[in-house]
Amino acid sequence: MSKSGSSLAGITLAVIIAAAIVSIGYFQVDVAPVIFTTTTTTTTTAVACTPSNCVNVTIPAGAGTPAGAPGYAPDTIVVVIGVNNTVNWVNADSSIHTVTANDNSFNSGNMNQGDSFVYTFTTPGTYKYHCIYHSWMQGTVIVKNK
Ligand SMILES: [Cu+2]
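Residues numbered from 1 in each chain as written. Predicted model: local features only at pLDDT ≥ 70, side-chain atom pairs only at ≥ 80, totals over all residues.

If you had to explain the overall build of the protein chain to someone new, which residues and values would you point to?
Secondary structure assignment for the protein chain yields one helix and seven strands. Ordering the α and β elements of the protein chain from the N terminus gives α-β-β-β-β-β-β-β. Residues counted as buried form 18% of the 146 residues belonging to the protein chain. Considering only residue pairs separated by 6 or more positions, the protein chain has 62% of its internal contacts joining residues 24 or more positions apart. (Helix = DSSP H or I, 4+ residues; strand = E, 2+ residues; numbered from the N terminus. Buried ≥ 20, exposed ≤ 12 C-beta atoms within 10 Å, placed from the backbone. Contact = placed C-beta atoms within 7 Å.)

Report on the pairing of strand β6 (residues 125-130), specifying residues and quantitative values.
The sheet contact formed by strand β4 (residues 100-101) and β6 spans two bridges and is antiparallel. By the bridge assignment for β6, Ala 101 is matched with Tyr 129. The sheet contact formed by β6 and strand β7 (residues 138-144) spans six bridges and is antiparallel. The residue of β7 that forms the bridge with Tyr 127 is Val 141. (Pairing = 2+ DSSP bridges.)

Outline the sheet that holds β4, supporting the account with residue identities and numerical values.
One open sheet holds the four strands; their spatial order is β2-β7-β6-β4, and the pairing between them is mixed. The strands lining the two open edges of the sheet, one partner per strand, are β2 (76-80) and β4. Inspection of the sheet shows β2 paired to β7 by five bridges, in the parallel sense. Within β7, the position partnered with Val 80 by the bridge is Lys 144.

Go over unusual backbone geometry, please, and point to the residues and values.
At the junction of Ala 73 and Pro 74, the peptide bond is cis and its omega measures out at -5 degrees in the coordinates. Of note in this structure, Asn 104 is not a glycine but carries a positive phi near 60 degrees. In this fold, Asn 104 is placed in the loop between β4 and β5 (116-120).

Quick one: what's the story with the sheet that holds strand β3 (residues 86-91), residue by residue and with numbers?
The mixed open sheet is built from three strands, whose spatial order is β1-β3-β5. Of all strands in the sheet, those with a lone pairing partner are β1 (54-59) and β5, marking the two edges. This sheet shows a mean twist of 20 degrees between the axes of neighbouring strands, independent of strand direction. Sheet topology note: the β1/β3 ladder contains six bridges and is parallel. Across the sheet, Cys 54 pairs through a bridge with Thr 86, a residue of β3. (Axes fitted to C-alpha atoms, helices over the stretch in contact; angles between N-to-C directions.)

Give me the lowdown on the environment of Ile 132, citing residues and values where you can.
Looking at the element boundaries, Ile 132 is found in the loop between β6 and β7. C-beta crowding within 10 Å serves as the criterion here: with 15 such atoms nearby, Ile 132 is assigned to the partly exposed category. In this structure the C-alpha to C-alpha distance between Ile 132 and Gly 109, which are 23 residues apart in sequence, comes to 9.2 Å. Residues in contact with Ile 132, not counting those within four places in the same chain, are Thr 98 and Thr 100.

The values reported here are purely geometric and, on their own, carry no functional implication.
Structure (structure tokens):
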């Protein structure tokens, strides 16, 4: 009687250990990568553009279709040198887009979904830009002195 009781306890212990090993494996394969991916994304965004010194412009989902206006949101921004003269464009659309100055003073090149392009304006003026693939995507950055 006591012998069968102790072997039952042994089997129970073995099942608990096996379950623990499976749980750890599940955490490393399925749970941990999700946690690490989320953390990395958040950190990258924060470093690229701090709201106090930088302006965010989004290329919204649907910007690649003619009905997707505005192609840049917001499509007109005003920045002040020494205050917030860095602009961070983020492509939130599934199509490839560019941020290309009409006078070619800046150019992002191809931006895939999730890519960002950061540019700092140092000379006052009005800078119009567009996407080389979609003629209806037009934006303006007005740069002022402090
Ligand atoms: Cu485009």
